[in-house]
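Residue-level listing of the chains:
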Amino acid sequence: MISIYKSKDQSNPSKLELLENIEPGCWINIVAPSEQELMLINKKTGVSMDFLKAALDDEETSRLEIEDENILVIVDIPFTEMEDNSLTYDTYPLAIIHTKREIITICLKNSKAVTDFIEGKVKTFFTFKRSRFILQILYKVATYYLIYLRQIDKKSVMIEKRLHKSLKNKELIQLLSLEKSLVYFSTSLKSNEITLEKMLKLEITQKYPEDQDVLEDVIIENKQAIEMASIYSDILSGTMDAFASVVSNNQNLVMKFLTTITIILSIPTMISNLFAMNVQGIPLANYKYGFEVICGISLVAVIIAAIALYKKDIHM
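Residues numbered from 1 in each chain as written. Predicted model: local features only at pLDDT ≥ 70, side-chain atom pairs only at ≥ 80, totals over all residues. Heavy atoms only, no water.

Draft legend 1. Main features of the overall build of the chain. What the chain contains, in helices and strands, is 8 helices and 7 strands. Taking the intrachain contacts of the chain between residues at least 6 apart in sequence as the baseline, contacts between residues at least 24 apart amount to 63%. For the chain, the exposed area adds up to about 17,900 Å²; of that, 56% sits on carbon and sulfur atoms. (Helix = DSSP H or I, 4+ residues; strand = E, 2+ residues; numbered from the N terminus. Contact = heavy atoms within 4.5 Å. Areas by Shrake-Rupley, 256 points an atom, 1.4 Å probe, with all protein chains shown as cover.)

Set out below in C-alpha cells:
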C-alpha cells in the first residue's frame, strides 16, 4: 500500500494533506508493498530497487547506505502482536530513504512510530524538512522502545505474582516469551546505535545545529533503552531460574506428600489382608470383638508410622 502525504498548512505543521501524485517535499509511506508498487516508485523517484526492497526482509539488520545522492537508513523498530491471546513483542526493519525531492518510508507492517505522524500526534514537523523528519521518526522509534520495555517489565511482574500460586508451565512459557522479546530488543537497539553513530557524520545532519541536537537526543534515548533492556533481561532471566526451581521444589513436595499417604494407607491394607487369609490359626479369628481389635491395631500402627515419618521430616 502506498500513501503520499505533504505538509500544507504552515500554521498547523502536523496537518498532512493526502496526495494522489508524488510532489517535491512529499512523504511516501509504503507498507507491505507489491512488486508492481515498488516498480512504480522506482520509476517515479529513481530510487534503486535494492533500496526499496531492503526493508522487506524481516531479518535485515540496521545499516546506513548512500547511493547516487540517495541515503538509505534502516533501523529495527518495535512491534506488538497478539499470539495465543497474549501480547508479544518483536522487531521489524524500517527503511527511510532520503532523496533530493522526497522522503520514503518502507516497512512490512504499520508501525505506531510512523502512524503517529499521520494521525497528527507529532507536533511541528514538516515533510519537506527531510533531514529533520528522519530524525523525528528515529526519536519516535526510540520512544516506543522505552514504552514497550516498561510494558514488558509490568507484564513480567504480573506473571510472577500468578506464578507464586501456580504449578503450571503457562506462566513460565509467558516469561520465556518476554525474555525472548528482550533479546530481540537488545540486539536491535545495539544495531541501531551503530547506525545512529554513523549518521552523526552525514552532511544532512551536520548542516543544521538543531538537527545535530535532535540526533544526539535520539542517541541518548537509544542508549537508555539499551540499558533498560539489559537490566530487565538480567532480572527476568534470574526470576525464571528461581521460579523454575520453586516449581520443581513444589512438585517434589507433592510427590513426598503422596508417598507419605501411600505408606500410611498401606499399613491397614496389609493388616486387613493378613486377617482376610483363608487359613487356620489366625489370631482373634473366633474372638467376639476381633474386628474392633484389628481396627485398633491398624490405627495404632498408622499413628506410629505417621509419627516416625514426621520425625524424619517426610511430610508436606
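Draft legend 2. Just the pattern of salt bridges, in detail. Under the definition given, this model contains 10 salt bridges. Between glutamate 60 and arginine 63 there is a salt bridge, with the nearest N and O atoms lying 2.1 Å from each other. Look at arginine 63 and you get partly exposed, because its relative accessible area is 25%. Its salt-bridge partner being glutamate 65, residue arginine 63 comes within 3.1 Å of it at the nearest N-O pair. Through salt bridges with shared partners, a single ionic network connects Glu60, Arg63 and Glu65. (Salt bridge = Lys/Arg side-chain N within 4 Å of Asp/Glu carboxyl O. Buried < 20%, exposed > 50% of the residue type's maximum accessible area, 1.4 Å probe, protein only.)

Draft legend 3. Just the packing of helix H4 (residues 130-163) against helix H5 (residues 170-199), in detail. Remark: H4 packs on H5, axes separated minimally by 10 Å, with the N-to-C direction vectors making an angle of 160 degrees. Taken together, the axes of H4 and H5 lie roughly antiparallel to each other. Considering how the two elements wind past one another, H4 and H5 form a crossing that is left-handed. Classifying every residue of the contact of H4 with H5 gives 17 nonpolar, 5 polar and 3 charged. (Axes fitted to C-alpha atoms, helices over the stretch in contact; angles between N-to-C directions. Parallel < 35°, antiparallel > 145°, perpendicular 65-115°, else oblique. Left-handed = near helix turned anticlockwise from the far one by under 90°. Nonpolar A, V, L, I, M, F, W, Y, C, P; charged D, E, K, R; others polar.)

Draft legend 4. Just unusual backbone geometry, in detail. The backbone of aspartate 68 shows a phi angle near 55 degrees, a positive value even though the residue is not glycine. With respect to the secondary-structure elements, aspartate 68 resides in the loop between strand S4 (63-67) and strand S5 (70-83). Classification of aspartate 68 by relative accessible area gives exposed; the value is 67%. With a phi angle near 65 degrees, glutamate 69 is a residue other than glycine that sits in the positive phi range. Assignment of secondary structure puts glutamate 69 in the loop between S4 and S5.

Draft legend 5. Structural detail: the side chain of serine 48. Mapped onto the elements, serine 48 comes out in the loop between helix H1 (35-45) and helix H2 (49-53). Since its relative accessible area comes to 18%, serine 48 is described here as buried. For serine 48, the contacting residues outside a window of four places in its chain are Asn42 and Glu67.

Draft legend 6. A look at a nonpolar patch on the surface. A cluster of nonpolar side chains, contributed by Val254, Met255, Phe257, Leu258, Ile261 and Leu265, occupies part of the molecular surface with about 520 Å² of accessible area. You can see leucine 258 is positioned in helix H7 (residues 209-275). (Patch = residues over 30% accessible without salt bridge, like charges linked within 9 Å, V, L, I, M, F, W, Y side chains within 5 Å.)

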